[in-house]
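Okay, here's what each chain looks like letter by letter:
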Amino acid sequence: YRYKLQGIKPPVPRSEQDFDPAAKYHVAGFSGYIQYFVSRILTFQFHKRSCTLANEYDPNDPAKPLHKCDIYQSQEAGNALSAMLTRGNSQSWRKTLKEFIGSPNMDVGPLVEYFKPLLDWLKADNEKYNEFIGWEGESDFCIRSQL
């Protein structure tokens, strides 16, 4: 699936004899990948809320887009972030999230909104230059070993 979804393929033919997961620290060290997934989503939710508190972001004001927000020296945003982080594990993370952003749920909306200008530019630029999106080539790079 890595080739199909990401265009990544091994430099030489592979078989079931090759065991790549053990080469990844997170597998050998029993460290879950889910924390990276969750942290990316929450980072953008925190960013959006902090920007709103700092009066640096307004979804209805094109002059204050999320991707240009700067919360540097905003005491209101800093205090709110500090209060949220101070909770630690003293209460449910969903309760802490609700107190900070107003909802106990994770939401990819802020991440999508943040990168929308880049996505729009990439789409326009690819169309302008008639770029091929995806990858082409052989896909027989995994073989069954002869045991």
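Higher on the page you've got the structure.
Residues numbered from 1 in each chain as written. Predicted model: local features only at pLDDT ≥ 70, side-chain atom pairs only at ≥ 80, totals over all residues. Heavy atoms only, no water.

(A) Structural detail: the packing of aromatic side chains. In this structure the tally under the stated criterion is four aromatic pairs. Judged by centre distance (5.7 Å) and plane angle (80°), the rings of Phe 46 and Phe 100 are edge-to-face. Of this pair, Phe 46 sits in helix 3 (residues 34-53) while Phe 100 sits in helix 5 (residues 93-101), and the two are 54 residues apart along the sequence. Ring pairs connect the aromatic residues Phe 44, Tyr 114 and Phe 115, which therefore count as one cluster. (Phe/Tyr/Trp six-rings, centres within 6.5 Å; stacked < 30°, edge-to-face > 60°. Helix = DSSP H or I, 4+ residues; strand = E, 2+ residues; numbered from the N terminus.)

(B) Just helix 5, in detail. Thr 96, Leu 97 and Phe 100 are the residues of helix 5 that are buried. Buried residues of helix 5, viewed axially, fall in a sector of 100°; they line one side. Those residues of helix 5 that are buried are in contact with helix 3 and helix 4 (75-86). Where helix 5 begins, one side-chain oxygen reaches toward the backbone nitrogen of Arg 94, 3.1 Å away; that side chain belongs to Ser 92. (Buried < 20%, exposed > 50% of the residue type's maximum accessible area, 1.4 Å probe, protein only. Arc of directions from axis to C-beta. Contact = heavy atoms within 4.5 Å. Polar contact = N/O pair within 3.5 Å; in protein donor to acceptor, adjacent residues only side chain to side chain.)

(C) Layout of the state of the cysteines. In this structure the tally under the stated criterion is one disulfide. Each sulfur in the disulfide pair Cys 51 and Cys 69 lies 1.9 Å from the other. Its torsion about the S-S bond being -100°, the disulfide of Cys 51 and Cys 69 is classed as left-handed. Taken as a pair, Cys 51 in helix 3 and Cys 69 in the loop between helix 3 and helix 4 lie far apart in primary sequence, 18 residues in all. The buried category is assigned to Cys 51, whose relative accessible area is 0%. Residue classification places Cys 69 among the buried residues on the basis of a relative accessible area of 13%. (Disulfide = S-S within 2.5 Å.)

(D) The packing of helix 3 against helix 5, seen in detail. Close contact between helix 3 and helix 5 brings their axes to 10 Å; oriented N to C, the two are set at 30°. With respect to their mutual orientation, helix 3 and helix 5 come out roughly parallel. Touching Leu 42, Gln 45, Phe 46, Arg 49, Ser 50 and Leu 53 of helix 3 are Leu 97, Phe 100 and Ile 101, all from helix 5. When grouped by side-chain class, the residues that make up the contact of helix 3 with helix 5 number six nonpolar, two polar and one charged. (Axes fitted to C-alpha atoms, helices over the stretch in contact; angles between N-to-C directions. Parallel < 35°, antiparallel > 145°, perpendicular 65-115°, else oblique. Nonpolar A, V, L, I, M, F, W, Y, C, P; charged D, E, K, R; others polar.)

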